[in-house]
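# Overview (structure and organization)
Chain residues, written in single-letter form:
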Amino acid sequence: MLNIYFGDTDDVIYNTAVYFKNTYNEKWLTKELTKQMILDVDKSEVVSEKVINSPVLGMISPEQLSGGVKTLMLVAYDKKHVFNASTCGDNCAKWLLKIAENEKREINLRHIMNFGDGEFKIRVLNTNRIVHNMKELILEAGRYV
Amino acid sequence: MKGKVQIKIKNRKCQFEFEIERNITIVRGDSGTGKTTLFNMISEYTRLKEESGINLQCSKKCIALTAIDWEHQLEQAKDSVVFIDEGDRFVSSKDFANIIRNSDNYYVLFVRENLHELPYSVNEIYEIHTSGKIHTFKIMQDRLRRLLCCSL
């Protein structure tokens, strides 16, 4: 399940782009989950561990991917740290839920991300309550951001 | 600081055209829409000017602010357009808010977190809209407010 701490805290990796640049593993790029996330969020295709084909920028390196996709990879593959997921747009929300579908993941949000119109299960760590839709999420977490 | 400022910046691959009106402009929206690309273009132009290969048209000086020594950089910036990318904690600090209040610069902030210290208007929150190679700023629809209003 996705666990979210809302609001300011020091115990997170805040600048996920810099952290990604210095720590990412090239093998992450060719995982099926990564390919799907990059195609969906950045509309780009993974060519190899080092090259991604972007419709706007042409052939780019993993470091030139969007901040959102980099953070998604960190959340998916670096389980030791908690990341500032306010570097992700709303189009990353479904992927955060998918990454945390079968195992616990913790992220930090400094804004209310839109997880869509459907039902979901998210634990708001500030109150330790589980919310099931956006109305509940806003009412539970809105005061912390 | 008065009036609208038009900015046009391009390289061979993409072009951004937008206008800012108030001293603080927030740019949010989905990932992958070009916020960091725009910031990097401004940053390269700030460092290398025409030698960057980037073409920038703006009546004011444009600056990409970096986290290192940001206070000193802002002291030097007068009557400029200052761009700040996400990932810099100082943006939510009181020190930064105080400097902005006493400044004659325009600020374009690429940040999603709520900045309680800054006096920005909800009407000045934009997202990047793309049509072909050209990227523009478009006022962001507040989907959350609509969703909450409909569900309460």
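That block above? That's the structure.
Residues numbered from 1 in each chain as written. Chains lettered and ligands numbered in written order. Predicted model: local features only at pLDDT ≥ 70, side-chain atom pairs only at ≥ 80, totals over all residues. Heavy atoms only, no water.

### Some words on helix α5 (residues 134-141) of chain A
Along α5 of chain A, the residues classified as buried are Met-134, Leu-137, Ile-138, Glu-140 and Ala-141 of chain A. Two or three places before Lys-135 of chain A, at the start of α5 of chain A, stands the capping residue Asn-133 of chain A, its side-chain oxygen 3.2 Å from that residue's backbone nitrogen. (Buried < 20%, exposed > 50% of the residue type's maximum accessible area, 1.4 Å probe, protein only. Helix = DSSP H or I, 4+ residues; strand = E, 2+ residues; numbered from the N terminus. Polar contact = N/O pair within 3.5 Å; in protein donor to acceptor, adjacent residues only side chain to side chain.)

### Observations concerning the nonpolar core
In terms of nonpolar packing, the biggest core is built from 46 residues, with Phe-6, Met-73 and Phe-115 of chain A touching the most fellow members. Where this core is concerned, the elements lending two or more residues are β1 (2-6), α1 (16-23), α2 (32-41), α3 (67-77), α4 (93-99), β6 (105-109), β7 (122-124) and α5 of chain A. With six residues, α3 of chain A is the largest single contributor of residues to this core. Those residues in contact with Met-73 of chain A, other than ones at most four positions away along the chain, are Phe-20, Trp-28, Leu-29, Thr-34, Met-37, Ile-38, Leu-65 and Asp-78 of chain A. Formed by 25 residues, the second largest nonpolar core is a distinct cluster that contains Phe-39, Cys-62, Phe-83 and Ile-128 of chain B. (Core = buried A, V, L, I, M, F, W, Y, C linked by side-chain atoms within 4.5 Å. Contact = heavy atoms within 4.5 Å.)

### Section: the sheet that holds β7 of chain A
All names here are of chain A. Spatially, β5-β6-β1-β7-β8 is the arrangement adopted by the five strands of the open sheet, whose pairing is mixed. Either end of the sheet is taken by a strand with one partner, and the two such strands are β5 (83-84) and β8 (129-131). Where β7 lies against β8, three bridges are found, and the strand directions are antiparallel. By the bridge assignment, Ile-122 is partnered in β8 with Val-131. Contacting β1, β7 and β8, α5 crosses the sheet at an angle of about 145 degrees to β8. (Pairing = 2+ DSSP bridges. Axes fitted to C-alpha atoms, helices over the stretch in contact; angles between N-to-C directions.)

### Notes on the interface of chain B and chain A
Listed by partner, the interface residues are 22 residues for chain B and 30 residues for chain A. Inspection of the region where chain B meets chain A yields two salt bridges. Note that Arg-89 of chain B and Asp-8 of chain A form a salt bridge whose closest N and O atoms lie 4.0 Å from each other. Among the elements that make up the side of chain B that touches chain A, the one with the highest residue count is helix α4 (residues 143-151) of chain B (five residues). Its residues assigned to classes, the side of chain B that touches chain A shows five nonpolar, nine polar and eight charged. (Salt bridge = Lys/Arg side-chain N within 4 Å of Asp/Glu carboxyl O. Nonpolar A, V, L, I, M, F, W, Y, C, P; charged D, E, K, R; others polar.)

### Description of the sheet that holds strand β3 (residues 24-27) of chain B
Residue and element names in this part refer to chain B. Pairing is mixed across the open sheet formed by nine strands, whose spatial order is β4-β1-β2-β9-β8-β3-β7-β6-β5. In this open sheet, the two strands that pair with only one neighbour each are β4 (55-58) and β5 (61-65). Pairwise comparison of adjacent strand axes, ignoring direction, gives a mean angle of 25 degrees for this sheet. As defined by bridge partners, β5 adjoins strand β6 (residues 80-84) across five bridges and the pair is classed as parallel. Bridge pairing in β6 places Leu-65 opposite Ile-84. Contacts from helix α1 (residues 35-48) reach β1 (5-10), β2 (15-20), β3, β4, β5, β6, β7 (106-110), β8 (125-131) and β9 (134-139) within the one sheet, and its direction differs from that of β5 by about 115 degrees.

### Remarks on the pattern of salt bridges
Enumeration over the complete set of coordinates arrives at twelve salt bridges over all chains. A salt bridge links Glu-26 of chain A to Lys-50 of chain A; the nearest nitrogen and oxygen atoms lie 3.1 Å apart. Here Glu-26 of chain A is found in the loop between α1 and α2, whereas its partner Lys-50 of chain A is found in the loop between β2 (45-46) and β3 (52-54), with 24 residues between them in sequence. On the basis of relative accessible area, Glu-26 of chain A is assigned to the partly exposed category, the value being 28%. Between Asp-79 of chain B and Lys-60 of chain B there is a salt bridge whose closest N-O contact spans 2.8 Å. Highlighted residues: Asp-79 of chain B in the loop between α2 (70-76) and β6 and Lys-60 of chain B in the loop between β4 and β5, separated in sequence by 19 residues. What makes Asp-79 of chain B partly exposed here is its relative accessible area of 36%. The network of salt bridges with common partners includes Asp-8, Asp-10 and Arg-110 of chain A together with Arg-89 of chain B.

### Concerning the state of the cysteines
What the rule picks out here adds up to zero disulfides over all chains. Cysteine Cys-88 of chain A remains unbridged, with the sulfur of Cys-92 of chain A as its closest cysteine sulfur at 4.2 Å. With relative accessibility at 0%, the residue Cys-88 of chain A sits in the buried group. Left unpaired, Cys-58 of chain B is separated from the closest cysteine sulfur, that of Cys-62 of chain B, by 3.8 Å. (Disulfide = S-S within 2.5 Å.)

### Topic: helix α3 (residues 94-101) of chain B
All names here are of chain B. Regarding α3, the residues found buried are Phe-96, Ala-97 and Ile-100. Looking straight down α3, one finds that the buried residues subtend no more than 100 degrees of arc, so they occupy a single side. Buried residues along α3 sit against β3, α2, β6 and β7. (Arc of directions from axis to C-beta.)

### Some thoughts on the packing of α2 of chain A against α3 of chain A
Residues and elements named next belong to chain A. Viewed as axis vectors pointing N to C, α2 and α3 meet at an angle of 155 degrees, and their least axial separation amounts to 10 Å. Viewed along their axes, α2 and α3 adopt a mutual orientation that is roughly antiparallel. You can see that α2 and α3 cross each other, and the crossing is right-handed. Contacts between α2 and α3 pair Leu-33, Thr-34, Met-37, Ile-38 and Val-41 from the former with Val-69, Leu-72, Met-73, Ala-76 and Tyr-77 from the latter. The residue makeup of the contact of α2 with α3, split by class, is nine nonpolar, one polar and no charged. (Parallel < 35°, antiparallel > 145°, perpendicular 65-115°, else oblique. Left-handed = near helix turned anticlockwise from the far one by under 90°.)

The values reported here are purely geometric and, on their own, carry no functional implication.
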